Amino acid sequence: MTERRARGTSPAGRGDRRTSRAARSRPSHLDSPGRPAAAKRTTRRRPESTSGAKRKPSNKLTRSEHTILGLSTGKAVILAAVLCGLALTLAVPTRTYFSQRAEAAALAEQRAELDADLAALRDRRAQQQDPAYIRTEARDRLRLVMPGETPYIVQIPGIEAPAPPPMSTREAAPDPWYTDLWRSISEPAPEGPR
């Protein structure tokens, strides 16, 4: 045990050794009596590890490099997501609005046509209630005459009866297969002599 104390180690282990190393490794300008103890602590730097691990570059450099329209990448993604959500929210009402406008235009056009038909039918009804029009139609369509008038019918040869259409020489197309099948099922088979 006496040997350990002679070397500068404590019986507990490394405690004395650390303090002695720290005292030896301090630069001389830090030990100057003019500097307070708090200033000594703040200026002390740790030695960098030599394990090969490199420090990451600061985020400020990478953020300034990756910008979209003056916004950082994260903010641009959030803005794009908000705009997509807004577009999807407005898409259905906009589509409904335009489809209803098209339907209203079609209905207005249909109403204009119906109004025109109604006006034509009212004119025709007023015309058919006129006694002069009724007389004219009775003479032309039904060949009626007023009492006391003598009707004359002029017949021109070949005009009174239209010529019959020529007979077709083409044979009739055969029935489709399903017609023959239906006939064979629906009609009873002829009974032969026994």
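Just so we're clear, the structure is a prediction, and the values are computed from it rather than from any experiment.

A.B. asks: How do you make sense of the UniProt feature "transmembrane region" (unreviewed entry) in the protein chain when you look at a structure like this?
C.D. replies: The positions UniProt marks with the feature "transmembrane region" (unreviewed entry) are residues 68–92. Helix and strand shares over residues 68–92 are 80% and 12% respectively, and the end C-alpha atoms of the span are 29 Å apart.

A.B. asks: Please clarify how a nonpolar patch on the surface should be interpreted in this entry.
C.D. replies: A cluster of nonpolar side chains, namely Leu-79, Leu-83, Leu-86 and Leu-90, defines an oily patch on the protein surface of about 360 Å² accessible area. Tracing the chain through its elements places Leu-83 in helix α5 (residues 73–128).

A.B. asks: Which parts of the structure should I look at to understand unusual backbone geometry?
C.D. replies: Excluding glycine, most residues fall at negative phi; most peptide bonds, likewise, are trans. In this structure, Arg-143 is a non-glycine residue whose phi angle is positive, near 60°. When you line up the elements, Arg-143 lands in the loop between α6 (131–142) and α7 (177–186). You can call Arg-143 exposed: its relative accessible area is 65%.

A.B. asks: Which parts of the structure should I look at to understand α5?
C.D. replies: Owing to its 3.6 residues per turn, the α-helix aligns residues three or four sequence positions apart on the same side. With 56 residues, α5 ought to run about 82 Å at 1.5 Å a step, and its terminal C-alpha atoms sit 81 Å apart, in line with that. At Ala-91, α5 shows its maximal kink, close to 30°; a proline, Pro-93, follows between one and four residues later.

Rules of the game
Residues numbered from 1 in each chain as written. Predicted model: local features only at pLDDT ≥ 70, side-chain atom pairs only at ≥ 80, totals over all residues. Heavy atoms only, no water. UniProt positions renumbered as here; feature names shortened; annotations may be inferred. Helix = DSSP H or I, 4+ residues; strand = E, 2+ residues; numbered from the N terminus. Patch = residues over 30% accessible without salt bridge, like charges linked within 9 Å, V, L, I, M, F, W, Y side chains within 5 Å. Areas by Shrake-Rupley, 256 points an atom, 1.4 Å probe, with all protein chains shown as cover. Salt bridge = Lys/Arg side-chain N within 4 Å of Asp/Glu carboxyl O. Buried < 20%, exposed > 50% of the residue type's maximum accessible area, 1.4 Å probe, protein only. Expected span 1.5 Å × (residues − 1). Bend = angle between axes of the 7 residues up to and from the residue.

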